[in-house]
Structures are given as C-alpha cells and as structure tokens.
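# Chains, contacts and geometry: an overview
Read off the chains here:
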Amino acid sequence: ALHGHSTRQRAYSLARGDRAVYTPQAVVNGVVHVLGSDKAAIERAIVKTREGTKPLSLPLKMTVANGKVTVTVPAAEGGNAEVWLCPVTANAPVKIGRGENRGRTLSYHNVARRWVKLGTWSGKAETFSLPLSELPDADFALKDIDELAVVVQRGSAAKPGLMLGAATVALR
C-alpha cells in the first residue's frame, strides 16, 4: 500500500504497454505479469521468461559487516542496469481500516519496506555500499528489518525491465 510500490507497479504497466495494474499482481523476472494467486500462471511465466532472455544470470554477492551492507556486481556484458536494495520485514501485522476486511488485523509476509537505489551498474565489476542506519524510514525501524534483498534490473525506475541478478542476506 506504499506510494512507491504503486508507482513501481504503474511503471511496469507502462513498460509492458498494457496499463494493467491490479492486486494481487506478480511481475516475474521483471517482464511478465500474472495474477499473484495463480501458482500455475506464475510457473508458466517463469518458464516463459527463461526462454532466451536469461533472467537472474548475474551472480551478485551481498554482505553485511561493520554496520553497512555491501553489494558486489561482477563484470558482464549487457550493463546499464539499476541496482536496488530492499529492506524486508518477515511478518508485518496490519490493522485494516476500510473495505471488506475493515477492523481485522492481517499479517503480511516478506514485505519490501522501500526501494533504495544504490546506483547504476555499467557492465564493469562494481561495489555498492550503504550504512544500515540509512535503511529505516518513518514507517519502520532498523529492528523491523529481517532481511535485505538486492536486484539488478535493466531499464529505470520509470521503465523497469529484465531482472539480471538478485540476492538476499538475513539480518537476524
């Protein structure tokens, strides 16, 4: 329900050219969207995106030490991609204020709290770092972050494309 997530969802729809935005929506490997509750459709989308595009073929290394997260991206052809870091909360209870679930508390799992652009990968081996103290936002504290996820993605925030690499690291 964060504005940044909605903005990213709309950017995906514009990149695909179909303007389809709905919930629950899953975007597989940055290029195919499907109904997020349709396991068979997600599995088909995974197979489809692996045909010729080589998603997630870039091996990333992410470490946390001395109060900072460091992401290492190796050299490879096909640079010019953005490097994004997401703090993730494993379990986030949310009290629902309106709609059919009004008054209930639902638990969301593996919640990406925000998107932090670490930089642009040019195709050369590069390292990106960020102090852990810069991860929290007004809506969550460092103690609420259970894991970090990083993605290297072609395109831009306004027009996202194929996911080239991804990694995670637990903070707890």
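Residues numbered from 1 in each chain as written. Predicted model: local features only at pLDDT ≥ 70, side-chain atom pairs only at ≥ 80, totals over all residues. Heavy atoms only, no water.

### Some remarks on the pairing of strand β9 (residues 147–155)
- By the bridge criterion, 8 bridges tie strand β5 (residues 81–95) to β9 in an arrangement that is antiparallel. Considered in β9, the bridge of Val83 is made with Val152.
- Across 8 bridges, the pairing between β9 and strand β10 (residues 160–170) is antiparallel. Bridge pairing links Val151 to Ala166 in β10. (Pairing = 2+ DSSP bridges. Helix = DSSP H or I, 4+ residues; strand = E, 2+ residues; numbered from the N terminus.)

### Here we look at the confidence of the model for the protein
- Of all residues in the protein, 99% have pLDDT values of 70 or greater, and the mean over the chain is 90.
- The element-level mean pLDDT for the protein is lowest in helix α1 (residues 3–16), coming to 77, with strand β4 (residues 68–73) highest at 98. (pLDDT = per-residue confidence, 0-100.)

### Description of the nonpolar core
- Formed by 25 residues in total, the largest nonpolar core has its most connected members in Met62, Leu85, Leu148, Val150 and Val152.
- Going through the elements one at a time, β4, β5, β7 (116–121), β8 (126–131), β9 and β10 are the ones with two or more residues in this core.
- Those residues in contact with Leu148, other than ones at most four positions away along the chain, are Met62, Val64, Val69, Leu85, Cys86, Pro87, Leu132, Leu135, Ala167, Thr168, Val169 and Leu171.
- Counting 6 residues, the second largest nonpolar core, distinct from the first, contains Val28, Val34, Ala41 and Ala45. (Core = buried A, V, L, I, M, F, W, Y, C linked by side-chain atoms within 4.5 Å. Buried < 20%, exposed > 50% of the residue type's maximum accessible area, 1.4 Å probe, protein only. Contact = heavy atoms within 4.5 Å.)

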